[in-house]
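# Geometric and topological summary
The lines below spell out each chain.
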Amino acid sequence: MPGPPAAPRGTAAVPRGDDLTALRRRTTAVLVAGQILGGLGVATGIALAAVLAEEVSGSEGLSGLAMTSSVLGTAVLSLPFAALTAARGRRAGLTLGYLVGAVGGGVVVLAAVLGSFPLLLLGTAAFGAGSAANLQARFAAADLAEPAHRGRAISTVVWATTIGAVLGPNIAAPAGRSVRGLGVPEAAGPFLWGAGVFLLAAALVFVLLRPDPLLTARALAAADRDAPASAESRSLRAGLLAVAASPRARLALVAVAGSHTTMVSIMVMTPVDLGHHGAGIELIGLVISVHIAGMYAFSPLMGRLCDRIGRISVISVGVALLACAALVAGTADGDHVRSAAGLFLLGLGWSAGLVGGSTLLTDSVPQAARPAVQGLSDLSMNAAAGAGGALAGLVVAQAGYGWLNAMGAALLLPVAALALRQSLRPPAPDGR
């Protein structure tokens, strides 16, 4: 039986009915598999990033810069990846992200061998491309989803990161031991393993993510309105204008950025604080695993809540959870169980903020502008978190871990204010 006619470049064939349902399932399955690998790669590397940075730099005050560099790398690379995605589709953007992340892991290992802190920061910045790809994948899940199920679609892909992300910190110790005979510092071993996993993720996405979900969504939208969207409507400028025109899109951007900054600022210095209170690598890995479980394992619940009680309500839940997390973790003072509980709540609040904000953002802008707006969101959240991570080490060195948590909670006040304001306003007729 002959297949459908070839689609023009930059578009995709238009599936309908059962074909579209099957494509949604296949796309979700590929994204889920990619997220498992991507989550494993990221979590394996970052588990000991602060420890490695402290070893190479010889300074506790600089230990937070490894994570900061990774987060800033994610931010800086978000817009080029978004531009590539807008032009060539999700498959191209995700594949390149994982490949750049793999190169970054190799550079980190080289920096650790040479004892070069600047090279280490360069490598961790490139390693952040893997995180950029993981973040972009959540939006890929929403490309073909029905509006009433977008929260569930996004949260399913976010949830898939749980498997790899929880395993990652726990294999950091064996990854470190595996490089002992190679002249590589043990804390750099996880980055070597992470690079290999990123290569697997890139191959998976490149081979199996066909047809491209974004290009297919564009073809569906063009068929419904009998005209394709122009290249100008997909530009960064169009994305900025779309956000400026939508109060709910602005809330979504602030919610995602605020939640992510609070989470990263506290999480990045927790391994150092635990180490100062006598925790070993295995215990630190366990606490970080509990945190990552909070981040991802309950995301399907957040997605269902988004679709049932509303996106803004879930954002508000996230603010409350993050504030509680800062209180619990910031007052742990060497109680490892309390630290783990605080980190779990920190991850849970992040999940609510990310899923609620990402879903609201997708709802609030036109389809053509979404890749640009999504890239802008990832840039904003990671740039803000990078600044927070950079200051985190200095705050802990000068004032202590408790004050870091207090400052993290204070970052949530603008999110709470905007969420309250929007919840009191009726939605516009188009939902924006």
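Let us look at the structure shown here. Bear in mind that the values here come from a model prediction, so they are computed numbers and not experimental data.

### Description of the overall build of the protein chain
Within the protein chain, the regular secondary structure consists of 18 helices and 0 strands. Against the globule reference of 22 Å for 432 residues, the protein chain gives a C-alpha radius of gyration of 21 Å, in line with a compact fold. A principal-axis box enclosing the C-alpha atoms of the protein chain has dimensions of 65 × 50 × 35 Å. The buried share among the 432 residues of the protein chain stands at 56%. For the protein chain, contacts bridging at least 24 residues in sequence account for 84% of all contacts bridging at least 6. Summed over all atoms, the accessible surface of the protein chain reaches about 16500 Å², with 68% contributed by carbon and sulfur. Averaging the locations of the 28 positively and 20 negatively charged side chains of the protein chain gives two centres separated by 10 Å.

### Remarks on the packing of aromatic side chains
On inspection of all chains with the given rule, the structure shows 5 aromatic pairs. Between the aromatic rings of F127 and F191, the centroid separation amounts to 5.0 Å while the plane-to-plane angle is 70°, which identifies the pairing as edge-to-face. You can see F127 sitting in helix α5 (residues 117-143) and its partner F191 sitting in helix α8 (residues 189-208), a full 64 residues away along the chain. The class of F127 is buried, set by a relative accessible area of 1%. With centroids separated by 5.4 Å and ring planes inclined at 80°, the aromatic side chains of Y296 and W350 adopt a geometry described as edge-to-face. With Y296 in helix α12 (residues 281-296) and W350 in helix α15 (residues 336-364), this pair connects stretches of sequence that are 54 residues apart. Ring-pair connections join several aromatic residues into one group, and the members of that group are Y98, F127, F191 and F198. If you follow R91 out to its NZ or CZ, it ends over the ring of F206, 4.3 Å from the centre. For R210, the ring lying beneath its charged end belongs to F206, and the centroid distance is 5.6 Å.

### Regarding α5
With 27 residues, α5 extends 40 Å from end C-alpha to end C-alpha; this agrees with the ideal 39 Å at 1.5 Å per step. A large share of α5 lies buried, amounting to 22 of its 27 residues. Taking the backbone nitrogen of L119 as reference, a side-chain oxygen 3.3 Å away marks S116 as the first, capping residue of α5.

### With respect to the packing of helix α1 (residues 17-46) against α5
In contact at an axis separation of 9 Å, α1 and α5 are set at 150° when each is read in the N-to-C sense. Taken together, the axes of α1 and α5 lie roughly antiparallel to each other. Considering only the axes of α1 and α5, their crossing is left-handed. In this structure, α1 contributes L31, Q35, G38, G39, G41, V42, G45 and I46 to the contact, and α5 contributes F127, G130, S131, N134, A137, A140 and A141.

### A few points about the environment of L199
Structurally, L199 is set in helix α8. Its relative accessible area of 46% is what places L199 among the partly exposed residues. L199 sits 161 residues away from G38 along the chain, and the two C-alpha atoms are 9.4 Å apart. L199 has contacts with L99 and A102, leaving out every residue within four places of it along the chain.

### Describing the packing of helix α14 (residues 311-330) against α15
Where α14 contacts α15, the two axes come as close as 7 Å, and the packing angle between them is 160°. With respect to their mutual orientation, α14 and α15 come out roughly antiparallel. Judged by the sense of rotation from one axis to the other, the crossing of α14 with α15 is left-handed.

Rules used in this analysis
Residues numbered from 1 in each chain as written. Predicted model: local features only at pLDDT ≥ 70, side-chain atom pairs only at ≥ 80, totals over all residues. Heavy atoms only, no water. Helix = DSSP H or I, 4+ residues; strand = E, 2+ residues; numbered from the N terminus. Rg over C-alpha atoms; globule rule 2.2 N^0.38 Å. Buried < 20%, exposed > 50% of the residue type's maximum accessible area, 1.4 Å probe, protein only. Contact = heavy atoms within 4.5 Å. Areas by Shrake-Rupley, 256 points an atom, 1.4 Å probe, with all protein chains shown as cover. Lys, Arg positive; Asp, Glu negative; His and termini not counted. Charge placed at Lys NZ, Arg CZ, Asp CG, Glu CD. Phe/Tyr/Trp six-rings, centres within 6.5 Å; stacked < 30°, edge-to-face > 60°. Lys NZ or Arg CZ within 6 Å of the ring centre and 35° of its normal. Expected span 1.5 Å × (residues − 1). Polar contact = N/O pair within 3.5 Å; in protein donor to acceptor, adjacent residues only side chain to side chain. Axes fitted to C-alpha atoms, helices over the stretch in contact; angles between N-to-C directions. Parallel < 35°, antiparallel > 145°, perpendicular 65-115°, else oblique. Left-handed = near helix turned anticlockwise from the far one by under 90°.

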